[in-house]
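Structural overview for review
As a plain string of letters, each chain reads:
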Amino acid sequence: MENTPIFGIVAPFYYAKGLNVIPLYAREKKPIPKDWSRFADTPVEKNQQEQWIRTNEGANIGLVLGKSSGIIMIDIDTDEKAVYDAIMAVLPPSPWKRFGRKGMMLAYKWSPIKTHRVKNISGETIVETLSSRTQCVLPPSIHPDTQKPYTANVDLIDVLDQLVCLPE
(Lines give C-alpha, C1' and ligand atoms only; values in the text may rest on other atoms or scores of the structure.)
Protein backbone atom coordinates (compact mmCIF):
# COMPACT_ATOMS: atom_id res chain seq x y z
CA MET A 1 0.00 0.00 0.00
CA GLU A 2 3.11 2.20 0.07
CA ASN A 3 2.47 4.04 -3.20
CA THR A 4 -1.27 3.51 -3.59
CA PRO A 5 -2.85 6.69 -4.98
CA ILE A 6 -5.60 6.76 -2.32
CA PHE A 7 -6.81 10.31 -2.92
CA GLY A 8 -6.40 10.04 -6.70
CA ILE A 9 -8.55 6.90 -6.87
CA VAL A 10 -11.19 7.58 -4.20
CA ALA A 11 -11.83 11.36 -4.36
CA PRO A 12 -13.57 11.37 -7.77
CA PHE A 13 -16.31 9.07 -6.45
CA TYR A 14 -17.04 11.46 -3.57
CA TYR A 15 -16.93 14.54 -5.81
CA ALA A 16 -19.40 12.83 -8.17
CA LYS A 17 -21.83 12.55 -5.22
CA GLY A 18 -21.36 16.23 -4.37
CA LEU A 19 -19.30 15.56 -1.25
CA ASN A 20 -16.39 17.75 -0.24
CA VAL A 21 -13.27 15.69 0.24
CA ILE A 22 -9.82 17.11 0.82
CA PRO A 23 -6.32 15.68 0.64
CA LEU A 24 -4.66 14.85 3.95
CA TYR A 25 -0.94 14.35 4.35
CA ALA A 26 -0.04 10.75 3.51
CA ARG A 27 -0.39 8.47 6.54
CA GLU A 28 -1.70 11.38 8.63
CA LYS A 29 -5.00 13.00 9.65
CA LYS A 30 -3.84 16.57 8.94
CA PRO A 31 -5.39 18.44 5.98
CA ILE A 32 -3.04 19.70 3.28
CA PRO A 33 -5.08 22.80 2.31
CA LYS A 34 -4.78 25.44 5.03
CA ASP A 35 -8.25 26.92 4.35
CA TRP A 36 -10.02 23.54 4.20
CA SER A 37 -12.75 24.38 6.74
CA ARG A 38 -14.44 26.77 4.29
CA PHE A 39 -15.67 23.68 2.44
CA ALA A 40 -18.08 22.97 5.32
CA ASP A 41 -20.33 25.61 3.73
CA THR A 42 -19.35 25.74 0.07
CA PRO A 43 -18.53 23.14 -2.57
CA VAL A 44 -14.99 22.35 -3.68
CA GLU A 45 -14.76 23.97 -7.12
CA LYS A 46 -14.22 21.64 -10.08
CA ASN A 47 -10.81 23.12 -10.96
CA GLN A 48 -9.69 22.70 -7.32
CA GLN A 49 -10.87 19.07 -7.34
CA GLU A 50 -8.86 18.36 -10.48
CA GLN A 51 -5.75 20.07 -9.12
CA TRP A 52 -5.87 18.14 -5.83
CA ILE A 53 -6.38 14.82 -7.63
CA ARG A 54 -3.43 15.58 -9.88
CA THR A 55 -1.02 16.90 -7.22
CA ASN A 56 -2.03 14.83 -4.17
CA GLU A 57 -2.92 11.44 -5.61
CA GLY A 58 -1.05 9.55 -2.85
CA ALA A 59 -2.59 11.55 0.00
CA ASN A 60 -5.01 10.25 2.61
CA ILE A 61 -8.59 11.45 2.11
CA GLY A 62 -10.78 13.47 4.47
CA LEU A 63 -14.48 14.32 4.28
CA VAL A 64 -15.31 17.88 5.34
CA LEU A 65 -18.33 17.68 7.61
CA GLY A 66 -21.14 20.21 7.81
CA LYS A 67 -24.02 21.66 5.89
CA SER A 68 -22.38 21.33 2.48
CA SER A 69 -21.71 17.59 2.84
CA GLY A 70 -24.95 16.98 4.71
CA ILE A 71 -23.10 14.75 7.18
CA ILE A 72 -22.03 14.80 10.82
CA MET A 73 -20.17 12.03 12.63
CA ILE A 74 -20.01 10.48 16.07
CA ASP A 75 -16.48 9.36 16.94
CA ILE A 76 -16.44 6.70 19.65
CA ASP A 77 -12.88 6.58 20.92
CA THR A 78 -12.96 3.83 23.53
CA ASP A 79 -12.66 0.08 23.66
CA GLU A 80 -14.13 -0.06 27.18
CA LYS A 81 -17.20 -2.28 26.72
CA ALA A 82 -19.45 -0.70 29.36
CA VAL A 83 -18.77 2.82 28.05
CA TYR A 84 -19.17 1.71 24.43
CA ASP A 85 -22.48 -0.03 25.23
CA ALA A 86 -23.80 3.07 27.04
CA ILE A 87 -22.96 5.29 24.06
CA MET A 88 -24.53 2.91 21.56
CA ALA A 89 -27.69 2.64 23.67
CA VAL A 90 -28.49 6.35 23.14
CA LEU A 91 -27.58 6.60 19.43
CA PRO A 92 -29.84 5.76 16.51
CA PRO A 93 -28.39 3.07 14.23
CA SER A 94 -26.00 4.26 11.54
CA PRO A 95 -25.64 2.38 8.25
CA TRP A 96 -21.95 3.36 8.07
CA LYS A 97 -19.28 2.38 10.57
CA ARG A 98 -15.61 3.23 10.10
CA PHE A 99 -12.90 1.47 12.06
CA GLY A 100 -9.37 2.65 12.87
CA ARG A 101 -7.17 2.01 15.89
CA LYS A 102 -9.99 1.74 18.46
CA GLY A 103 -13.69 2.43 18.70
CA MET A 104 -15.49 3.55 15.55
CA MET A 105 -16.90 6.48 13.62
CA LEU A 106 -20.63 6.61 12.78
CA ALA A 107 -22.26 8.76 10.06
CA TYR A 108 -25.51 10.71 10.40
CA LYS A 109 -27.48 13.23 8.39
CA TRP A 110 -26.32 16.78 9.09
CA SER A 111 -28.23 18.89 11.57
CA PRO A 112 -27.10 22.06 13.34
CA ILE A 113 -25.78 20.17 16.38
CA LYS A 114 -22.48 21.72 17.41
CA THR A 115 -19.20 19.85 17.69
CA HIS A 116 -18.66 18.69 21.26
CA ARG A 117 -16.65 16.16 23.24
CA VAL A 118 -17.33 13.96 26.26
CA LYS A 119 -14.24 13.16 28.31
CA ASN A 120 -13.53 10.71 31.09
CA ILE A 121 -12.23 11.81 34.50
CA SER A 122 -8.66 11.57 33.18
CA GLY A 123 -9.48 14.16 30.50
CA GLU A 124 -9.35 11.71 27.58
CA THR A 125 -12.03 12.10 24.93
CA ILE A 126 -14.27 9.02 24.81
CA VAL A 127 -16.88 10.26 22.33
CA GLU A 128 -17.30 13.34 20.21
CA THR A 129 -19.78 14.81 17.80
CA LEU A 130 -17.99 16.10 14.71
CA SER A 131 -20.08 18.73 12.95
CA SER A 132 -19.39 21.84 10.87
CA ARG A 133 -15.77 22.71 10.18
CA THR A 134 -14.41 19.31 11.19
CA GLN A 135 -13.33 16.43 8.99
CA CYS A 136 -13.34 12.66 9.03
CA VAL A 137 -10.56 10.49 7.63
CA LEU A 138 -12.08 8.09 5.10
CA PRO A 139 -11.06 4.55 4.15
CA PRO A 140 -8.75 3.35 2.73
CA SER A 141 -6.54 6.10 4.20
CA ILE A 142 -3.63 4.83 6.27
CA HIS A 143 -3.91 5.32 10.05
CA PRO A 144 -0.90 7.27 11.37
CA ASP A 145 -0.39 5.02 14.42
CA THR A 146 -1.16 1.53 13.12
CA GLN A 147 0.07 2.18 9.54
CA LYS A 148 -2.89 0.07 8.39
CA PRO A 149 -5.85 1.21 6.27
CA TYR A 150 -8.99 2.49 7.91
CA THR A 151 -11.91 0.19 7.05
CA ALA A 152 -15.69 0.52 6.96
CA ASN A 153 -18.60 -1.89 6.87
CA VAL A 154 -19.82 -0.32 3.57
CA ASP A 155 -18.85 2.54 1.26
CA LEU A 156 -20.28 5.77 2.66
CA ILE A 157 -21.45 6.94 -0.76
CA ASP A 158 -23.62 3.81 -1.05
CA VAL A 159 -25.63 4.62 2.11
CA LEU A 160 -26.02 8.41 1.95
CA ASP A 161 -29.78 8.12 1.50
CA GLN A 162 -30.00 5.90 4.61
CA LEU A 163 -28.41 8.38 7.05
CA VAL A 164 -30.71 9.55 9.85
CA CYS A 165 -30.54 12.65 12.05
CA LEU A 166 -29.27 12.50 15.59
CA PRO A 167 -31.81 13.44 18.26
CA GLU A 168 -31.16 16.85 19.82
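Refer to the structure printed above.
In what follows, the accompanying structure is described. Computed from a predicted structure; not experimentally measured.

Conventions and cut-offs
- Residues numbered from 1 in each chain as written.
- Predicted model: local features only at pLDDT ≥ 70, side-chain atom pairs only at ≥ 80, totals over all residues.
- Heavy atoms only, no water.
- Helix = DSSP H or I, 4+ residues; strand = E, 2+ residues; numbered from the N terminus.
- Buried < 20%, exposed > 50% of the residue type's maximum accessible area, 1.4 Å probe, protein only.
- Phe/Tyr/Trp six-rings, centres within 6.5 Å; stacked < 30°, edge-to-face > 60°.
- Salt bridge = Lys/Arg side-chain N within 4 Å of Asp/Glu carboxyl O.
- Core = buried A, V, L, I, M, F, W, Y, C linked by side-chain atoms within 4.5 Å.
- Contact = heavy atoms within 4.5 Å.
- Pairing = 2+ DSSP bridges.
- Axes fitted to C-alpha atoms, helices over the stretch in contact; angles between N-to-C directions.

The next thing to look at is unusual backbone geometry. With an omega of 5°, the peptide bond running from proline 139 to proline 140 counts as cis. Examined against the element boundaries, proline 140 turns out to sit in the loop between β8 (134-138) and β9 (151-152). The phi torsion at arginine 27 lies on the positive side, around 60°, for a residue other than glycine. One can find arginine 27 in the loop between β1 (21-24) and α2 (46-55). A residue is classified by how much of its surface remains accessible, and arginine 27, at 23% relative accessible area, is partly exposed. Located in the positive-phi region is arginine 133, a residue other than glycine, with phi close to 65°. Relative to the helices and strands, arginine 133 resides in the loop between β7 (125-130) and β8.

Throughout the structure, instances matching the rule amount to one aromatic pair. Each ring, one from phenylalanine 39 and one from tryptophan 52, has its centre 5.7 Å from the other, and the planes form 85°; the classification is edge-to-face. Taken as a pair, phenylalanine 39 in the loop between β1 and α2 and tryptophan 52 in helix α2 lie far apart in primary sequence, 13 residues in all.

Inspection of the entire model under this criterion finds six salt bridges. Its salt-bridge partner being aspartate 35, residue arginine 38 comes within 2.8 Å of it at the nearest N-O pair. Look at arginine 38 and you get partly exposed, because its relative accessible area is 33%. A relative accessible area of 41% places aspartate 35 in the partly exposed class.

All right, on to the nonpolar core then. Met73 and Leu156 are the most contacted members of the largest nonpolar core, which has 35 residues in total. The element that contributes the greatest number of residues to this core is helix α1 (residues 6-16), accounting for six residues. If near-sequence neighbours (up to four positions away) are discounted, leucine 156 is found in contact with Tyr14, Leu63, Ile71, Met73, Trp96, Ala107 and Leu138.

Attention now moves to the sheet that holds strand β2 (residues 60-65). The strand order β1-β2-β8 describes an open sheet built from three strands, whose pairing is antiparallel. Pairing within the sheet leaves two strands with one partner each, and these edge strands are β1 and β8. With strand direction ignored, the average angle separating the axes of adjacent strands in the sheet is 40°. Of the pairings in the sheet, the one linking β2 to β8 comprises five bridges and is antiparallel in character. Bridged to glycine 62 within β8 is valine 137. This element, α1, spans β1, β2 and β8 of the sheet and lies at about 30° to β2.

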